[in-house]
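For reference, the chains in residue letters:
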Amino acid sequence: MTCWYEGPLAAFDTETTGVDVETDRIVSAAVVVQDAAGTRPRVSRWLVNPGVPVPAGATAVHGLTEEHLQRNGRWPAPVMFEIAEALAEQAAAGRPLVVMNAPFDLTILDRELRRHRASSLDRWLDTSPLLVLDPRVLDKHLDRYRKGRRTLTDLCEHYGVSLDGAHDAAADALAALEVVRAVGRRFAARLERLEPPELHSLQAVWHAAQARGLQAWFARSGSEESVDPAWPLRPDLPAAA
């Protein structure tokens, strides 16, 4: 019987105007679907004119200028609808969805749906919930004592995954998907008996514990930075833009 990490997986990634899920906007997104390990992936891409300024710092990360997005991007409302439909399709098929740092990408999509569709991500998933696999949470739990950063670039290097064109949504999504497969293989003894629904629930617990640990570290360092323990989607805030 094929283990989940060798079978069908999808992945989702976004590029944005910044790192605040409540106020920043999506400028590009991608959904990658792979029917089995080693097969050719199917890629859906979206380019968005966010309707707000694109900071130079964001452009320096993903290379998308405000002028380029105004000229080539689509308006957000139909794009957010299409992305939500694509994720709902994966959920209905029971295909696990890989999302690196899921609380960021899924929450910013939720806020964009609220902003432009007067809706929410949960409304698209009311009959079939997502089964999320977050390589950051998995790696941090399974190899918790390894020192060093755990960005997607770091994880790709650690697990021997090729990342061509970092900070392109499609490239990052595919790389995150391959990292999850690599994590599954490396920790097969601990993961192969877990089905994706159970693993999804466990990651929520693991992420909360990781957030508490990071919050304690910030406190010891004298930082007032707050860490949200919610996973894979942060709760709506009344003050959300």
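Located above this text is the structure these notes cover.
Residues numbered from 1 in each chain as written. Predicted model: local features only at pLDDT ≥ 70, side-chain atom pairs only at ≥ 80, totals over all residues. Heavy atoms only, no water.

*Asks:* What is the right way to look at the overall build of the protein in this model?
*Replies:* A count of helical and extended segments in the protein gives 10 helices and five strands. Across the 241 residues in the protein, those meeting the buried criterion constitute 51%. In the protein, the share of contacts with a sequence separation of at least 24, taken over all contacts with a separation of at least 6, comes to 67%. For the protein, the accessible area works out to roughly 11,800 Å², and carbon and sulfur atoms hold 52% of it. Averaging the positions of the 27 positive and the 33 negative side-chain charges in the protein gives two centres separated by 4 Å. (Helix = DSSP H or I, 4+ residues; strand = E, 2+ residues; numbered from the N terminus. Buried < 20%, exposed > 50% of the residue type's maximum accessible area, 1.4 Å probe, protein only. Contact = heavy atoms within 4.5 Å. Areas by Shrake-Rupley, 256 points an atom, 1.4 Å probe, with all protein chains shown as cover. Lys, Arg positive; Asp, Glu negative; His and termini not counted. Charge placed at Lys NZ, Arg CZ, Asp CG, Glu CD.)

*Asks:* How should the nonpolar core be read in this particular structure?
*Replies:* Soluble, globular proteins show a tendency: their nonpolar side chains are buried together. Phe12, Ile83, Leu87, Leu106 and Leu109 are the most contacted members of the largest nonpolar core, which totals 62 residues. When residues no more than four places from it in sequence are discounted, the contact partners of Phe12 are Ala29, Ala30, Val31, Ile83, Leu87, Leu97, Val98, Val99, Asp105, Leu106, Leu109 and Ala173. Membership of the second largest hydrophobic core comes to five residues, among which are Val27, Val54, Leu64 and Leu69. (Core = buried A, V, L, I, M, F, W, Y, C linked by side-chain atoms within 4.5 Å.)

*Asks:* Please explain the pairing of strand E2 (residues 26–34) as it appears in this structure.
*Replies:* Here is the key point about a regular strand: its side chains alternate between the two faces of the sheet. Across the nine residues that make up E2, a large majority, nine, are buried. The pairing of strand E1 (residues 9–16) with E2 spans eight bridges and is classified as antiparallel. Paired with Phe12 across the bridge in E2 is Val31. Pairing geometry for E2 and strand E3 (residues 42–47), over six bridges, is antiparallel. (Pairing = 2+ DSSP bridges.)

*Asks:* Looking at this structure, I do not really get the pattern of salt bridges. What am I missing?
*Replies:* With the rule as written, the count across this model stands at 13 salt bridges. Between Asp35 and Arg42 there is a salt bridge, and its shortest N-O distance comes to 2.8 Å. Under the relative-accessibility criterion, Asp35 is labelled partly exposed at 40%. Among the salt bridges present, the one from Arg114 reaches Asp110, with a minimum N-O distance of 2.6 Å. Placement of the pair is Arg114 and Asp110 together in helix H4 (residues 102–117), with a separation of four residues, close to one helical turn. By relative accessible area, Arg114 is classed as partly exposed at 33%. Overlapping salt bridges bring together Glu22, Asp110, Arg111, Arg114 and Asp236 as one network. (Salt bridge = Lys/Arg side-chain N within 4 Å of Asp/Glu carboxyl O.)

*Asks:* It is not clear to me how H4 should be interpreted in this structure. Could you clarify?
*Replies:* Every α-helix carries 3.6 residues per turn, so stepping three or four residues along brings you back to the same face. Taking 1.5 Å per residue, 16 residues should reach 22 Å; H4 reaches 21 Å between its end C-alpha atoms and fits that length. Along H4, the positions that sit buried rather than exposed are Ala102, Pro103, Phe104, Asp105, Leu106, Thr107, Ile108, Leu109, Asp110, Arg111, Glu112 and Leu113. (Expected span 1.5 Å × (residues − 1).)

*Asks:* Quick question: what am I supposed to make of the packing of aromatic side chains here?
*Replies:* Each aromatic ring pair is described using two quantities: the centre-to-centre distance and the angle formed by the ring planes. Under the criterion given, the structure shown has three aromatic pairs. With a centroid separation of 5.8 Å and an interplanar angle of 75 degrees, the aromatic rings of Phe81 and Trp124 are classed as edge-to-face. One end of the pair, Phe81, is in helix H3 (residues 76–92); the other, Trp124, is in helix H5 (residues 121–124), with 43 residues separating them in the sequence. Classification of Phe81 as partly exposed rests on a relative accessible area of 32%. (Phe/Tyr/Trp six-rings, centres within 6.5 Å; stacked < 30°, edge-to-face > 60°.)

*Asks:* Just to check I follow, could you spell out the packing of helix H7 (residues 152–159) against helix H8 (residues 169–186) for this structure?
*Replies:* Packed helices, taken two at a time, are described by the angle between their axes plus the distance between the axes. One can describe the packing of H7 onto H8 by two numbers: an axis separation of 10 Å at closest approach and a directional angle of 45 degrees. Considered as vectors, H7 and H8 are oriented oblique to each other. Crossing handedness for the pair H7 and H8: left-handed. Of the residues in H8, those in contact with Leu152, Leu155, Cys156, His158 and Tyr159 of H7 are Asp172, Ala175, Ala176, Val179, Ala182, Val183 and Arg186. Looking at the contact of H7 with H8, its residues break down into nine nonpolar, one polar and two charged. (Axes fitted to C-alpha atoms, helices over the stretch in contact; angles between N-to-C directions. Parallel < 35°, antiparallel > 145°, perpendicular 65-115°, else oblique. Left-handed = near helix turned anticlockwise from the far one by under 90°. Nonpolar A, V, L, I, M, F, W, Y, C, P; charged D, E, K, R; others polar.)

*Asks:* Where do I start with the layout of surface pockets in this structure?
*Replies:* Sizing a probe to match a water molecule and rolling it over the atoms shows the empty space that remains. For the largest pocket, the calculated volume is near 1,400 Å³. As for the largest pocket, its lining consists of 44 residues, and the residues nearest its centre are Val19, Met100, Asn101, Phe104 and Arg136. Elements represented by at least two residues in the lining of the largest pocket include exactly E1, helix H1 (56–62), H4, helix H6 (135–142), H7 and helix H10 (196–220). The element that contributes the greatest number of residues to the lining of the largest pocket is H10, accounting for five residues. For the second largest pocket, the full set of lining residues is Lys140, His141, Arg144, Tyr145, Arg146, Lys147, Arg150, Trp206, Ala209, Gln210, Gly213 and Leu214. Of all elements in the fold, only H6 and H10 reach the threshold of two or more residues within the lining of the second largest pocket. Of the residues forming the lining of the second largest pocket, the biggest block, five residues, is contributed by H10. (1 Å grid on protein atoms, 1.4 Å probe; cavity = no way out; pocket = protein on both sides within 12 Å on 5 of 7 lines; lining within 4 Å. Points joined across faces, edges and corners; volume = space filled by probe spheres on them.)

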